[in-house]
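# A closer look at the structure
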Amino acid sequence: MNHSLSDYLLPSQVHPQFAAKSKKRALEMVASQISDTLQSDEDQAELLVDGLQARERLGSTGIGQGIAVPHCRSGAVSEPSVHLFALEEAIDFDALDGEPVNFLCVLLVPEDANEVHLQLLRDVIRTFGNPECRAPLLAARTPEVLHRTAIDLFERLA
Amino acid sequence: MKIVILGAGQVGATLADRLAFEQHDITLVDKSRLRFKSLPDLDVRTVVGHASSPSTLEAAGVDDAELVIAVTNSDEVNLVACQLARALFRTPSLIARVRNSEYLTSDIEARVFQPDEAWTDTSHAKLGRLWVQERISPEAEVTDYIVKLLGQPGTLQVSDFAGGRAQMVCVKAVSGGPLVGHRLVDLTDHLPDVDTRVAAIYRRDRPIIPEGNTIIEHDDEVFFIANRKDISAVTAELMETDKPYRRILIAGGGNIGSRLASRLEGKYRVQLIERDANKNRELSERLNKTVVNTGDASSPKLLEECGIQDTDVFCAVTNSDEANIMASMLAKKMGARKVMTLINNAAYVDLVQGGLIDIAVSPEQATIGSILRHVRRGEILQAFSLRRGAAEALELVAVGDAKSSKVIGKTIDNINLPDGATIGAVVRGEQVLMGHNYIVIEPNDHVIVFLAEKSQRKLNDIERMFQPSTDFLL
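Criteria and thresholds
Residues numbered from 1 in each chain as written. Chains lettered and ligands numbered in written order. Predicted model: local features only at pLDDT ≥ 70, side-chain atom pairs only at ≥ 80, totals over all residues. Heavy atoms only, no water. Buried < 20%, exposed > 50% of the residue type's maximum accessible area, 1.4 Å probe, protein only. Helix = DSSP H or I, 4+ residues; strand = E, 2+ residues; numbered from the N terminus. Pairing = 2+ DSSP bridges. Phe/Tyr/Trp six-rings, centres within 6.5 Å; stacked < 30°, edge-to-face > 60°. Lys NZ or Arg CZ within 6 Å of the ring centre and 35° of its normal. Axes fitted to C-alpha atoms, helices over the stretch in contact; angles between N-to-C directions. Parallel < 35°, antiparallel > 145°, perpendicular 65-115°, else oblique. Contact = heavy atoms within 4.5 Å. Nonpolar A, V, L, I, M, F, W, Y, C, P; charged D, E, K, R; others polar. Buried area = accessible area lost by both parts, 1.4 Å probe. Salt bridge = Lys/Arg side-chain N within 4 Å of Asp/Glu carboxyl O.

In this section: the pairing of strand β22 (residues 446-451) of chain B. Residue and element names in this part refer to chain B. With respect to burial, β22 is a largely interior element, five of its six residues being buried. In this structure, strand β19 (residues 391-397) lies alongside β22, joined through six bridges in antiparallel fashion. Directly across from Glu395, in β22, lies its bridge partner Ile448. Where strand β20 (residues 421-428) and β22 come together, six bridges link them in antiparallel fashion. Counted as the bridge partner of Val426 is Val447 from β22.

Laid out in structure tokens, this is it:
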């Protein structure tokens, strides 16, 4: 591991207590929140929903233990960008273990993602897929705490 | 998956039942409260309201649904409901029942509906096109299906894969067929130039996993897969050669009967029986060669006049199950070589198939495949429900690469499928390869899997096998 999550996860990209009541709505709201954060245009927001949905059609990114890692390529970014959403209520996400999901770690990579980006994707999925992460991530009540917790966990576990 | 079904008629109710059974979260909408009362106990949420009204769609929770299926009995309502769902709630998948065949000609379809790419990438969306991802027409699908069965005499079921390059068929073995009483491996000696794979054998309704040493018995139901051109050669090994069909008698001149007659009249000698004299005038004008008779298909006198004893296939396709069954039994008794019967009620299918009725055709069976495709995860191109839902055949795309896929780069004997599942064939571009153990799966291969005893768990396992790992980037 030779990258630090703090390069890709800015404090503005974490959202504790995010409200969404279904998988479909969650992907739409996540896409719209991310587009706001990145200040990308409306077309990019639409394409982001498409991209996240298309990936889910191939198989759910719900990796189990209440965590999902939706991801796709996006023209809105030139560097990978990670966004965290702790959901107020757990939702059905067709997860691999069948359990509802209450934490989303969304990762966007540029259209021409390279091997470094793909490695980051694998590291993020592996790290946040670790059951140890679940309790501390969900316990965070403020963006500051969630941001720091995520970065600490990544440094320790990745 | 959250699914909203608009219209609780025959098609909607059957779909709801079927999808709820597969553990999906179903909401069923109909404008008539009475409709719900007449339905058996379904594990679904019900909403009363007009399918094409925004407030009904909202009340039904369309905003949370990943799939909306509009199957009311009005094409227009179905099409409008889909537009509303897309415009108001950006529904990711929309299926509509479209009965009018004009919409379904490829020219009109290409100009009226959004292209497939638009569903995964809205930048491909075209102005003014309708948002309906899949158009289903039970009548057209039943018609296609019957035409296909007639084209492969002797088969009980036919499923097309990879655009028809490969077919899976079900044949009932009859003593007298050269392979009956012999081991499966002997097929290679009998037909050295034909590559085929037996996916399953059902003996007295129980599946047995075919092996080289398995001896085919009289009355076995054999499912095999082969290149389409080889199907008749394999069928001929399992029964005394069924002569090609020539004379067809259709009972019922409704939506299906008239479509069927016009599809068949160029190739076969077709007669049709319809009760309604007014309808018959219309039919006679529309059909060129079909002989149209007015009367009751369950009248022995009329059947006699239509030459029932010289009829190769009697197809009963009126809109009444009971009428179809009675007419078919009568026709068979009076000497029709084969009878095919349209039956909506699944309980009747079990009752009659294999008795006097040779083939029961169920509209649900013909339609469910195109819907299952959208419900299942992974790149599933087709899902055929076989043996009244007890078995299933799937066409799956091997997505990803050797790193992210559990099947790519492996030989078939190293792929760990659930019990009772077999890989029948692999379609690679134009090539159809039978599922021999040594075949190595490559990226984008279409893999045809047969599941003999279906269970939700086994289906999930198969889907998972073909899904790329979570870190696969699309």
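This part takes up the packing of aromatic side chains. Under the criterion given, the structure shown has six aromatic pairs over all chains. Here B:Trp119 and B:Trp131 contribute two aromatic rings whose centre-to-centre distance is 5.1 Å and whose plane-to-plane angle is 85°, an arrangement assigned as edge-to-face. Note that B:Trp119 is positioned in the loop between α5 (106-112) and β6 (134-136) and B:Trp131 in the loop between α5 and β6, a separation of twelve residues in sequence. The pair B:Trp119 / B:Trp131 is uniform in exposure class, with both members buried. One aromatic cluster is present, built from ring pairs that chain together B:Tyr202, B:Phe223 and B:Phe450. Positioned over the ring face of A:Phe93 is A:Lys23, at 4.5 Å from the centre of the ring.

Residues and elements named next belong to chain A. At their nearest, the axes of helix α3 (residues 115-128) and helix α5 (residues 143-157) sit 10 Å apart, and the two run at 100° to each other. Taken as axis vectors, α3 and α5 run roughly perpendicular relative to one another. On the side of α3, the interface is formed by Leu120, Asp123, Val124, Arg126, Thr127 and Phe128, while α5 contributes Ala150, Leu153, Phe154 and Leu157. Tallied by class, the residues present in the contact of α3 with α5 amount to seven nonpolar, one polar and two charged.

All names here are of chain B. Taken in spatial order, the six strands make up an open sheet running β14-β13-β12-β15-β16-β17, and their pairing is parallel. Because the sheet does not close on itself, it has two edges, and the strands there are β14 (291-294) and β17 (359-361). Ignoring strand direction, the axes of neighbouring strands in this sheet form an average angle of 20°. In this sheet, strand β16 (residues 338-342) lies alongside strand β15 (residues 313-316) in parallel orientation, the contact comprising four bridges. Across the sheet, residue Ala316 finds its bridge partner in β16, namely Thr341.

Turning our attention to the interface of chain A and chain B. Interface size is commonly expressed as the accessible area that is lost once the parts come together. Chain A puts 34 residues into the contact, and the matching count from chain B is 31 residues. Counting the surface lost from both chain A and chain B, the interface buries some 2700 Å², and carbon and sulfur atoms represent 48% of this. Counting the surface chain A buries against chain B, the share from its top three residues, A:Lys24, A:Arg57 and A:Leu58, is 29%. The residue B:Asp64 makes a salt bridge to A:Lys21 at a minimum N-O spacing of 2.7 Å.

One pass over the structure, following the stated rule, counts 35 salt bridges over all chains. B:Arg203 is paired through a salt bridge with B:Glu217; the nearest N and O atoms lie 3.3 Å apart. Of this pair, B:Arg203 sits in strand β9 (residues 196-203) while B:Glu217 sits in the loop between β10 (206-208) and β11 (221-227), and the two are 14 residues apart along the sequence. Among the residues examined, B:Arg203 registers a relative accessible area of 16% and is labelled buried. A relative accessible area of 32% places B:Glu217 in the partly exposed class. Salt bridges linked by common partners bring A:Lys24, A:Arg25, A:Glu28 and B:Asp63 together as one network.

Fair warning: the whole summary comes from geometry, so function is off the table for now.
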